[in-house]
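# Examination of the molecular architecture
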Amino acid sequence: MTTANIHDWLSEHSDYLYRFALARLRDPHQAEDVVQETFIAAIKSPSFAEQSSPRTWLTGILKHKIIDVMRKSVREITASDLMSEEDGNMDDFFDETGHWMDAPQAWEIPDNALEQKQFLIILQNCMDKLPTKLATLFLMRDVHDTDNEEICKELNITTTNAWVMLYRARMGIRKCLEINWIGA
Amino acid sequence: MDCKQASQLISQSLDRSLSLRERIALRFHTYICEACRRFGQHLNTLRVALKRMSANVENDTNITMPSETKTRIAKSIESIVD
């Protein structure tokens, strides 16, 4: 193991790893930090010199670092958050008879490239408005198809809590997107 | 079943298998309720759109890690190796 080949790894793989992390964490600083932690963990590992496919190996380490960050951001969930999310907060969406206050409108992802770009920007803004812990859980589940049980184990929450939070996240993003996209 | 309950089940159907009873009740509701039908379509649309967004980031080779960060990482690695 030499310093030279660490530098090779850094120049060959750091951009890839950075994009991988950014796609999942969405925060450039967090993404930089996990990539740094990944390289540090890599050179400390006894199996460092034996890796025939460094990128795959580094990505494996990175995935764990990303989960750690996600776990931290979701850890702040409290019992009262869940209680209010289960019922109280949904009053924004439904009237007392359980009907939609604003019924979902007809829309879909635009085909046209330019419109699609605008659509994704609005979606990005809506994700940013969502509380971090909800956005994180939502990304893990709906974007990266993390198994529900794995999420619950990783984040130390019950499956029922996960369903409630995912519901809350989907409701929030859908409504935000609808208001801003149709209104755009 | 009202729309509030239906929307909860629609969301949960993405995370677990609904019971036969739930599926029947939900199907009955969405058959008569256009708003909830749309809600279900939108949740699928959201998944597709977000996957696209995420893939765009992952595959966009114009996105690179800032060079200061690379230098910082190189230094911290050297300090460990030395």
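A brief look at the structure comes next. The residue count restarts for each chain, going from 1 along the sequence in the order it is written. Here every chain gets a letter starting at A, and every ligand a number starting at 1, in the order they are written. Owing to the predicted nature of the model, reporting of local features is limited to residues with pLDDT of at least 70; listing and counting of side-chain atom pairs is limited to 80 or more, with chain, interface and lining totals taken over all residues. Computation of side-chain values covers all heavy atoms of the structure but excludes hydrogens and water.

So, about the pattern of salt bridges. In what follows, salt bridge is the name for a side-chain nitrogen of Lys or Arg lying within 4 Å of a carboxyl oxygen of Asp or Glu. Scanning the model with the defined rule gives twelve salt bridges over all chains in all. Asp-15 of chain B is the salt-bridge partner of Arg-170 of chain A, the closest N and O atoms lying 2.9 Å from each other. You can see Arg-170 of chain A sitting in helix H8 (residues 159-183) and its partner Asp-15 of chain B sitting in the loop between helix H1 (3-12) and helix H2 (20-32), one on each of two chains. Each member of the pair, Arg-170 of chain A together with Asp-15 of chain B, is buried. Between Glu-34 of chain B and Arg-38 of chain B there is a salt bridge, and its shortest N-O distance comes to 3.4 Å. With Glu-34 of chain B and Arg-38 of chain B both in helix H3 (residues 34-59) and four residues apart, the pair spans about one turn of that helix. A run of DSSP states H or I qualifies as a helix once it reaches four residues; a run of E qualifies as a strand once it reaches two. Both are numbered from the N-terminal end. Only protein chains enter the accessibility calculation, which uses a 1.4 Å probe; a residue whose area is less than 20% of its type maximum is buried, one above 50% is exposed, and one in between is partly exposed.

Moving on, we come to the layout of surface pockets. Using a probe with the size of a water molecule, rolled over the atoms, empty space left in the structure can be pinpointed. Residue and element names in this part refer to chain A. The way it works is a 1 Å grid over only the protein atoms, where trapped points that fit a 1.4 Å probe form a cavity and open points with protein on both sides within 12 Å along at least five of seven lines form a pocket, and then any residue with an atom within 4 Å of a point lines it. Grid points are joined across faces, edges and corners, and a volume is the space filled by probe spheres set on the points. Taken as a whole, the largest pocket spans an internal volume of roughly 260 Å³. As for the largest pocket, its lining consists of 14 residues, and the residues nearest its centre are Arg-24, Lys-63, Ile-67, Thr-146 and Glu-150. The element best represented in the lining of the largest pocket is helix H3 (residues 54-74), accounting for seven residues. Each residue is assigned to one of three groups, with Ala, Val, Leu, Ile, Met, Phe, Trp, Tyr, Cys and Pro labelled nonpolar, Asp, Glu, Lys and Arg labelled charged, and all others, Gly among them, labelled polar. Grouping the constituent residues of the lining of the largest pocket by class yields four nonpolar, three polar and seven charged.

Bringing helix H7 (residues 148-155) of chain A into the picture now. Residues and elements named next belong to chain A. Of the residues making up H7, those classed as buried are Asn-148, Ile-151, Cys-152 and Leu-155. Mapping the buried residues of H7 onto a view down its axis gives an arc of 95°, with all of them on the same face. Across H7 from its buried face, at more than 90 degrees, point the exposed residues Glu-149 and Lys-153. Here a polar contact means two N or O atoms within 3.5 Å. Within protein one must be a hydrogen donor candidate and the other an acceptor candidate, and residues neighboring in sequence count only if both atoms are side-chain atoms. The backbone nitrogen of Glu-149 has a side-chain oxygen 3.1 Å away, supplied by the residue at the start of H7, namely Asp-147. Looking one or two places after H7, you find Asn-156, whose phi comes out positive at around 55°. It is the directions from the helix axis to the C-beta atoms that the arc portrays.

Pairs of residues are marked as contacts when any of their non-hydrogen atoms sit within 4.5 Å. Across the boundary between the two partners, chain A contributes 57 residues, which contact 45 residues of chain B. Summed over both sides, the interface between chain A and chain B buries roughly 4800 Å², with carbon and sulfur atoms accounting for 66% of that surface. When the buried surface of chain A facing chain B is broken down by residue, Arg-19, Trp-163 and Arg-170 of chain A rank first, second and third, together holding 14% of it. With a closest N to O distance of 3.5 Å, Asp-33 of chain A and Arg-72 of chain B form a salt bridge. One can count 21 residue pairs in polar contact (both at pLDDT 80 or more) joining chain A with chain B. When residues of the side of chain A that touches chain B are traced back to their parent elements, those giving at least two are helix H1 (3-25), helix H2 (28-44), helix H5 (113-129), helix H6 (132-143) and H8 of chain A. Here the element with the most residues in the side of chain A that touches chain B is H1 of chain A; it accounts for twelve residues. Split into classes, the residues belonging to the side of chain A that touches chain B amount to 30 nonpolar, twelve polar and 15 charged. Accessible area that two parts lose when put together, with a 1.4 Å probe and added across both, is what the buried area reports.

That is the geometry; function is a separate question.
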